[in-house]
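What follows is each chain in one-letter form.
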Protein chains: 2
Amino acid sequence: MNLKQLSQMLELSQTTVSRALNGYPEVNEETRRRVVDAAKRHGYRPNPSARRLATGKTGMIGYVLPTGSAVDIDPHFVEFLSGLGDYARAHELDLVLSPADAEEQETTYRRIVANKQVDAVYVSSPRPQDSRVALLDTLGLPFLVHGRSDGFDFDYPYLDIDNEGAFHDATRLLIQLGHQRIALVNGDDRETFAIHRERGVRRALAGNGLAPPDGHVSSTVMTEENGYRVARRMLESGGAPTAILCSSLIMALGIVRAVRELGLTIPGDLSLIAHDDVFSWLKPENFSVPLSTTRSSIRAAGARIAERLIARLSGLEDGARGEVWPVDLVVRGSIAGVPAGS
Amino acid sequence: MNLKQLSQMLELSQTTVSRALNGYPEVNEETRRRVVDAAKRHGYRPNPSARRLATGKTGMIGYVLPTGSAVDIDPHFVEFLSGLGDYARAHELDLVLSPADAEEQETTYRRIVANKQVDAVYVSSPRPQDSRVALLDTLGLPFLVHGRSDGFDFDYPYLDIDNEGAFHDATRLLIQLGHQRIALVNGDDRETFAIHRERGVRRALAGNGLAPPDGHVSSTVMTEENGYRVARRMLESGGAPTAILCSSLIMALGIVRAVRELGLTIPGDLSLIAHDDVFSWLKPENFSVPLSTTRSSIRAAGARIAERLIARLSGLEDGARGEVWPVDLVVRGSIAGVPAGS
DNA sequence: ACACGAAGCCAAAGCGCTTTGAACGCCGGT
DNA sequence: ACCGGCGTTCAAAGCGCTTTGGCTTCGTGT
C-alpha cells in the first residue's frame, strides 16, 4: 500500500494525504481524521527510501566504528549501546554503524555526509582537539559527543561525566586516610577522560603538597593484563604506592591478582579505588575484597545521548550544550588507612 | 555532482553513464573508460537514497538489537562487532542496528522488511525453533545465523562452532584424568549453544557410564556473580564436583573466587575448564592459575559472517549452507588428576 | 542488392514520497 | 456588486537513480 493507492481510495490527492499524515496545518481536521484513520486501517507506512530521497532525512543516527586488526572495540561500547537502545527503541530510531579503519575515520565521515546516510552522529572516546569534532563542525553534520574534546574555541554538544572531580575526590579521600604515595593506573592518556582523571588526581595531591613520584602514573589500554603488569611493577619498586586509583574494573582485576601474587593484601597493604561503569557481569561489590569505586552508569549515558539526539532531530534541542554528570564515590572495603611502617 | 551533470559533461545519456558505471556489457569499452575516468576525477558517487528507491537495495545489513531495562546486551557482541567491522570496512558495508523490545522483535523484523531497510540481517543467540528464523524464512529476507537453531525442517545458512564437540572432548579429558564428579556451569539453557554444550558433557559422561548428579548442571546468565554463586553452592554440597566445565571466562572468574573463598585450590581440589571466546581484555592464561579452555575466536566468526553476508549480497553465495567450526582445546594449569580421597 | 542481427546509444518511464504554485469556493468588508 | 483573503484542495514538478523499449549504425550472409 503506497501513498497513491491510499489517496485514490480516499478520493483525495496525494498532496492532501501526505500533509494530513505529516501534521501540516492547512488540512481540514475532519479530512485529517479520515486520512489518519484509513492509513491505520490499511497499515499504510510511507516508504522510507522515497521519503529520504525527497527530504534528505533518514531518521537514523550514525556511529563510525573504528576497526582494524590492532583495534579492540571498547567493551564499554556494548553497555552504552544497551542504554541507547533502551531509549531509541520507543522512537523506532535506528543506529547505523559504519566500520572504518581507525586511521581513516575522516574519509568515512565525509562519505556519510556526502551520502546523507544519517541525520546525526555520535562520537565517543574523544581526545583533545579531536579531529572528528572539528570535521563534523565544518561539515555541518549534527553530532553529539560522549565525553569531551578540549581545546576548541567553539562550543559543541556533549555529554560527559565529571572525571576530574571524581578522581579528585577519590584521591582526597585517600589522602585523608593518611596516604601519601598514591598511584594512578589509567587508561590511554591520549583520550580526554584519562587526562581529566589524571588531572583530578594531581590536583588533589598538589592541594596537599604532594605529587605522584615517577612511575606512579601509568597509562595503558584497559585490560586485565595491563592492570596486572602495571601494579606488579609499581608494587615491586622502591617506594611502592600504598594506594592505587584505577580507571577500570577490568584493570582492577589485574591489580588484585598482582597484589595477591605478591602476598600482599587489600586494604592492609594497599588501598584500591577503581572506576565502575556499571556492568551487570562484573560488579565491584563482588571482588574478593569489595571494591570502592567512582561510579557512573555508562548505560544511563547511552540513554541520555539517544534522548538528546532525538530531541535534536525533531528540532527540540539546538545549540551546543555541554552536560556534565556528577560521579558517585562509593566506599567499600578496599580502602583503609596507611599500613604501619609505610 | 549527480548523474545528470556527469552525463551532460560527457555528452552521453544518463542511461549509458549509469550502465558504464555499473558494469553492464552493452557499453563500448572505450566509452566505459571515459566514463569511469571522468567519474573518478569529479568524485562522482551515486546518491544511495536514489539508488535505493530505484532498486530497493540498500547495501546495508541489519541486526535487531534486543533491549529493555532487564536485558543486558552480551559483552561478546562487541567482540563480534570488531570482527564484522574488520571485514565490512573494506567493502563500505554498513550495519544497521534496530533496537527492539526483547519481547517484540518480530514487529521490528517486519518493519525492517516492509521498509526495505536492509538487504540482509544476521541473527545471534538463537534458540531451538527460533521464531526469528522461522519468521525471516517466511518473510524472505536473506539472513545468516550466528549459532544454530535446531528443529526446523528446512535448511538455512548459519555459522556455528562445534559446542557439543568441544565440551564433549573437554569432558572426556577430565574423565581420562580420573574425574567422575564433573559439573557444568552453563549459560542460559534456552539458547542452543548451551544446550549443545550440555549435550556434549552428558554424552562424554554417558560414554563412560557416568551422569551428572542433581545440581551439578546449572544454567544462568553468564555473570561473574552467577559463576560464584553456582560454584559456591556446588562446592559446598555433599559429593562436590572435582571438576567443573564452564561456559564463559567471566563466570570462571566467579568460580575461582568461590574456590579461593572456600580455601580450596585449583587444580588441587578442583579442575576447571572454561570456554574462551578470545577477548583482549581478559585472557585465560592470566588467571591466577592459568585456565584450560575450549577456545574459539568470536571475532573471527564476526569477520566470517560479514564475508558470507557480502558474498550473499553480491549473489556469490546462495543456498542455505551451515558451517561449523571446530574448537580448540587448550590445556593449561587448571586441570589435574582427581584429588586424593575423592 | 537486401535483410537481419549485433553493438551501442538514447529518451522516457518508473521508484514513492514531499513540496511548490495554483485553483477553487466562500466569507466579510467596502 | 466587487474584491481581497482565508481555508482547503489539487496537479505537477521535483529528488537522482535504474531500466525498459526503441532507435541507429554497421557488418554479415544470401
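Remember, it's a predicted structure, so these values are computed and weren't measured experimentally. (Residues numbered from 1 in each chain as written. Chains lettered and ligands numbered in written order. Predicted model: local features only at pLDDT ≥ 70, side-chain atom pairs only at ≥ 80, totals over all residues.)

Visitor: How do you make sense of the overall build of chain A when you look at a structure like this?
Guide: When helices and strands are counted, chain A shows 12 helices and 12 strands. On C-alpha atoms alone, chain A measures out to a radius of gyration of 25 Å, which is more than a quarter above the 20 Å that the 2.2 N^0.38 rule sets for 342 residues. Along the first, second and third principal axes, the C-alpha atoms of chain A reach 90 × 35 × 35 Å. Across the 342 residues of chain A, 47% fall into the buried class. Within chain A, residue pairs in contact and separated by at least 24 positions form 69% of the contacts whose partners lie at least 6 positions apart. (Helix = DSSP H or I, 4+ residues; strand = E, 2+ residues; numbered from the N terminus. Rg over C-alpha atoms; globule rule 2.2 N^0.38 Å. Buried ≥ 20, exposed ≤ 12 C-beta atoms within 10 Å, placed from the backbone. Contact = placed C-beta atoms within 7 Å.)

Visitor: Teacher, can you tell me more about the protein's contact with DNA strand D here?
Guide: Not every one of the 26 residues close to DNA strand D is listed here, only the nearest: A:Thr15, B:Asn2, B:Leu3, B:Ser18 and B:Ala50. Within the residue set of the surface near DNA strand D, elements represented by two or more residues are helix H2 (14-21) and helix H4 (48-55) of chain A together with helix H1 (3-10), helix H2 (14-21) and helix H4 (48-55) of chain B. Take the surface near DNA strand D: its biggest share by element is 5 residues, from H4(B). Its residues assigned to classes, the surface near DNA strand D shows 9 nonpolar, 13 polar and 4 charged. (Near = placed C-beta within 6 Å. Nonpolar A, V, L, I, M, F, W, Y, C, P; charged D, E, K, R; others polar.)

Visitor: Quick question: what am I supposed to make of the protein's contact with DNA strand C here?
Guide: Near DNA strand C you find 26 residues, and of these A:Asn2, A:Leu3, A:Ser18, A:Ala50 and B:Thr15 are the closest. When residues of the surface near DNA strand C are traced back to their parent elements, those giving at least two are helix H1 (3-10), H2 and H4 of chain A together with H2 and H4 of chain B.

Visitor: Just to check I follow, could you spell out the interface of chain B and chain A for this structure?
Guide: Accessible area lost upon the coming together of the parts serves often as the stated size of an interface. Taken residue by residue, the interface counts 47 residues in chain B and 47 residues in chain A. Broken down by secondary-structure element, the contributors of at least two residues to the side of chain B that touches chain A are H4, strand E1 (60-67), helix H5 (76-89), strand E2 (94-101), helix H10 (224-236) and helix H11 (249-261) of chain B. Classifying every residue of the side of chain B that touches chain A gives 21 nonpolar, 13 polar and 13 charged. Here strand E2 (residues 94-101) of chain A runs beside E2(B); their pairing, made up of 3 bridges, is antiparallel. Each residue of the ladder has a partner; that of A:Leu97, found in E2(B), is B:Leu95. (Pairing = 2+ DSSP bridges.)

Visitor: Got a minute to help me understand the relation of the copies chain B and chain A in this structure?
Guide: Relating one copy of the chain to the other takes a rotation about an axis and a shift parallel to that axis. At an RMSD of 0.1 Å, chain B and chain A line up after a rotation of 180° and a shift of 0.0 Å along the axis. Put plainly, the chains are arranged around a two-fold axis. Relative to the rotation axis, the closest C-alpha in chain B is found at B:Val96, a distance of 2.2 Å. A share of 100% of interface residues in chain B that are also interface residues in chain A marks the association as one of identical surfaces. (Least-squares fit on C-alpha atoms with pLDDT ≥ 70 in both.)

Visitor: Looking at this structure, how should I read the domain arrangement of chain A?
Guide: Residues and elements named next belong to chain A. The domain boundaries assigned to chain A delineate domain 1 (1-34), domain 2 (60-161 + 300-325) and domain 3 (163-296). In this assembly, 12 residues from domain 2 lie in contact with 9 residues from domain 3. Among the residues making up the side of domain 2 that touches domain 3, the classes are represented as 4 nonpolar, 4 polar and 4 charged. (Domains from an automatic or database assignment.)

Visitor: What am I meant to see in the pairing of strand E9 (residues 271-276) of chain A here?
Guide: Remark: a regular strand shows side chains that alternate across the two faces of the sheet. Residues and elements named next belong to chain A. Of all the 6 residues making up E9, 6 are buried; the element is thus mostly covered by neighbouring parts of the structure. Burial along E9 is two-sided: the face carrying Ser271, Ile273 and His275 and the face carrying Leu272, Ala274 and Asp276 are both buried. Note: strand E8 (residues 243-246) against E9, 4 bridges, orientation parallel. Counterpart to Ile244 in the pairing with E9 is Leu272. Sheet topology places E9 next to strand E10 (residues 292-295); 4 bridges connect them, and they run parallel. By the bridge assignment, Ala274 is partnered in E10 with Thr293.

Visitor: It is not clear to me how the nonpolar core should be interpreted in this structure. Could you clarify?
Guide: Inside soluble globular proteins, nonpolar side chains tend to come together where they are buried. Within the largest apolar cluster, 86 residues are counted, with the highest numbers of intra-cluster contacts made by A:Ala252, A:Ile255, A:Leu272, B:Ile255 and B:Leu272. Among residues more than four places away in sequence, those in contact with B:Ile255 are B:Val185, B:Gly227, B:Tyr228, B:Ala231, B:Ile244, B:Cys246 and B:Leu272. Judged by nonpolar contacts, the second largest core, of 77 residues, contains A:Val64, B:Phe77, B:Leu159 and B:Ala306. (Core = buried A, V, L, I, M, F, W, Y, C linked by C-beta atoms within 7 Å.)

Visitor: Where do I start with the sheet that holds strand E3 (residues 120-124) of chain A in this structure?
Guide: The strands making up a sheet are joined through hydrogen bonds of the backbone, oriented either antiparallel or parallel. In space, the 12 strands of this open sheet follow the order E11(A)-E5(A)-E4(A)-E3(A)-E1(A)-E2(A)-E2(B)-E1(B)-E3(B)-E4(B)-E5(B)-E11(B), with mixed pairing throughout. Because the sheet does not close on itself, it has two edges, and the strands there are strand E11 (322-325) of chain A together with strand E11 (322-325) of chain B. Strand-to-strand, the axes of this sheet are offset by a mean angle of 20°, without reference to chain direction. Alignment of E1(B) against E2(B), held across 8 bridges, turns out to be parallel. Across the sheet, residue B:Gly62 finds its bridge partner in E2(B), namely B:Val96. Most of the contacts of helix H6 (residues 105-114) of chain B go to E1(B), to which it runs at about 160°, and overall it touches E1, E2 and strand E3 (120-124) of chain B. (Axes fitted to C-alpha atoms, helices over the stretch in contact; angles between N-to-C directions.)

Visitor: Would you mind showing me how to read the sheet that holds E9(A) here?
Guide: Residue and element names in this part refer to chain A. Pairing is mixed across the open sheet formed by 6 strands, whose spatial order is E7-E6-E8-E9-E10-E12. The open sheet has two free edges, formed respectively by strand E7 (217-219) and strand E12 (328-330), since each of these has just one partner strand. Taking each pair of neighbouring strands and ignoring which way they run, the sheet shows an average axis angle of 15°. Taken strand by strand, helix H9 (residues 192-206) contacts strand E6 (182-186), E7 and E8, and its axis lies near 175° from that of E6.

Visitor: Just to check I follow, could you spell out the environment of A:Ala301 for this structure?
Guide: Residue and element names in this part refer to chain A. Inspection of the secondary structure assignment puts Ala301 in helix H12 (residues 298-313). Ala301 gets classed as buried once you count the C-beta atoms within 10 Å, which come to 25. Separated by 142 residues in the primary sequence, Ala301 and Leu159 place their C-alpha atoms 7.6 Å from one another. Non-local contacts of Ala301, meaning those with residues more than four positions away in its chain, are made with Phe80, Gly83, His146 and Leu159.

Visitor: Where do I start with helix H3 (residues 29-41) of chain B in this structure?
Guide: Note that an α-helix has 3.6 residues per turn; residues three or four places apart therefore point the same way. The terminal C-alpha atoms of H3(B) lie 18 Å apart, and with 13 residues this matches the ideal 18 Å at 1.5 Å per residue to within 8%. Of the residues one or two after H3(B), B:Gly43 is the one with positive phi, at around 60°. (Expected span 1.5 Å × (residues − 1).)

Visitor: Is there a simple way to think about unusual backbone geometry in this case?
Guide: Here A:Ile266 and A:Pro267 are connected by a cis peptide whose omega angle stands at 0°. Inspection of the secondary structure puts A:Pro267 in the loop between helix H11 (249-261) and E9. The backbone of A:Lys116 shows a phi angle near 50°, a positive value even though the residue is not glycine. The residue A:Lys116 is located in the loop between helix H6 (105-114) and E3 in this model. For B:Glu11, which is not glycine, the phi torsion reads 55° and is therefore positive. Position of B:Glu11 relative to the elements: it lies in the loop between H1 and H2. Judged by the 6 C-beta atoms lying within 10 Å of it, B:Glu11 falls in the exposed class.

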